[in-house]
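Structural overview for review
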Amino acid sequence: MRKLFLALSITLLLTSLSVAPLYTPNTASAQDENPPYAKWSRLAMEETKSEYPDADIIDYLHVGSHTSEDETTQKFKLWLKEETKEYGVLIDITFHNETEEVIQISFEETAE
C-alpha cells in the first residue's frame, strides 16, 4: 500500500511539473512592455476624469489611430457610470508626430 501511495505521489508530481509553463525572461519582458499608445491612454483617462468628474470609468478600449504626415489621432472609448446612468465617451487625441504636442482633445458621448 505504501509503495502504491509513493508511486502515485511521484506520478502526480512529475505530471504537474510537465504541464507547468516554463518561465523564460524573453517572454516575460515582452508581456511587460507597454503598447505604443499607453501614454495617450493615460491622458485620455485623465482628461475624461476632468471632463466628467462625477462619473467613474468602468471600462476602456483603444479603438485605433489615424496617422497623417504631420499628426496622429489616437481614438479611445471609455464607458462611464454616474449614479444610475451608464454611457460611452469617444475620445480623440490629436498630436504632432515630431513633438507629441497635443493639438486637440475631443469628447463625444454615445449610448452604446
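Below is a short write-up of the structure. (Residues numbered from 1 in each chain as written. Predicted model: local features only at pLDDT ≥ 70, side-chain atom pairs only at ≥ 80, totals over all residues. Heavy atoms only, no water.)

Digging into the pattern of salt bridges
A full pass over the atoms with the stated rule returns two salt bridges. Measuring nitrogen to oxygen at the nearest pair gives 2.6 Å for the salt bridge that ties K39 to E100. Highlighted residues: K39 in helix α3 (residues 38-51) and E100 in the loop between β3 (85-96) and β4 (102-110), separated in sequence by 61 residues. As a salt-bridge pair, K75 and D92 come within 3.3 Å of each other at their nearest N and O atoms. Remark: D92 occurs in strand β3 and K75 occurs in strand β2 (residues 71-82); sequence separation between them is 17 residues. (Salt bridge = Lys/Arg side-chain N within 4 Å of Asp/Glu carboxyl O. Helix = DSSP H or I, 4+ residues; strand = E, 2+ residues; numbered from the N terminus.)

Points about the side chain of T48
Mapped onto the secondary structure, T48 falls in helix α3. Note on T48: relative accessible area 1%, which makes it buried. Among all residues touching T48, those that are not within four sequence positions of it are I57, L78, L80, I91 and F107. (Buried < 20%, exposed > 50% of the residue type's maximum accessible area, 1.4 Å probe, protein only. Contact = heavy atoms within 4.5 Å.)

Details of the pairing of β2
With ten bridges connecting them, strand β1 (residues 56-67) and β2 associate as antiparallel partners. In the sheet register, D56 faces β2, and the bridge partner there is K81. Taking the residues that link successive antiparallel strands as the turn, the β1-β2 hairpin has three residues. Where β2 lies against β3, twelve bridges are found, and the strand directions are antiparallel. Counterpart to Q74 in the pairing with β3 is I93. Hairpin connection, β2 to β3: the antiparallel pair is bridged by two residues, and E83 has positive phi, about 55 degrees. (Pairing = 2+ DSSP bridges.)

Examining the side chain of T94
Among the structural elements, T94 can be located in strand β3. The residues contacting T94, other than those within four sequence positions of it, are E71, T72, T73, E101, V102, I103 and Q104.

Brief notes about the sheet that holds β2
Consider a sheet: its strands pair through backbone hydrogen bonds, and that pairing is either parallel or antiparallel. Strand order in the open sheet formed by four strands is β1-β2-β3-β4, and the pairing between neighbours is antiparallel. Of all the strands in the sheet, the pair left with one neighbour each is β1 and β4. Going across the sheet, the axis of each strand differs from the next one's by a mean of 20 degrees, ignoring polarity. Sheet topology places β3 next to β4; eight bridges connect them, and they run antiparallel. Bridge pairing in β4 places T94 opposite Q104. Sheet strands in contact with α3 are β1, β2, β3 and β4, and its direction is about 45 degrees off that of β2. (Axes fitted to C-alpha atoms, helices over the stretch in contact; angles between N-to-C directions.)

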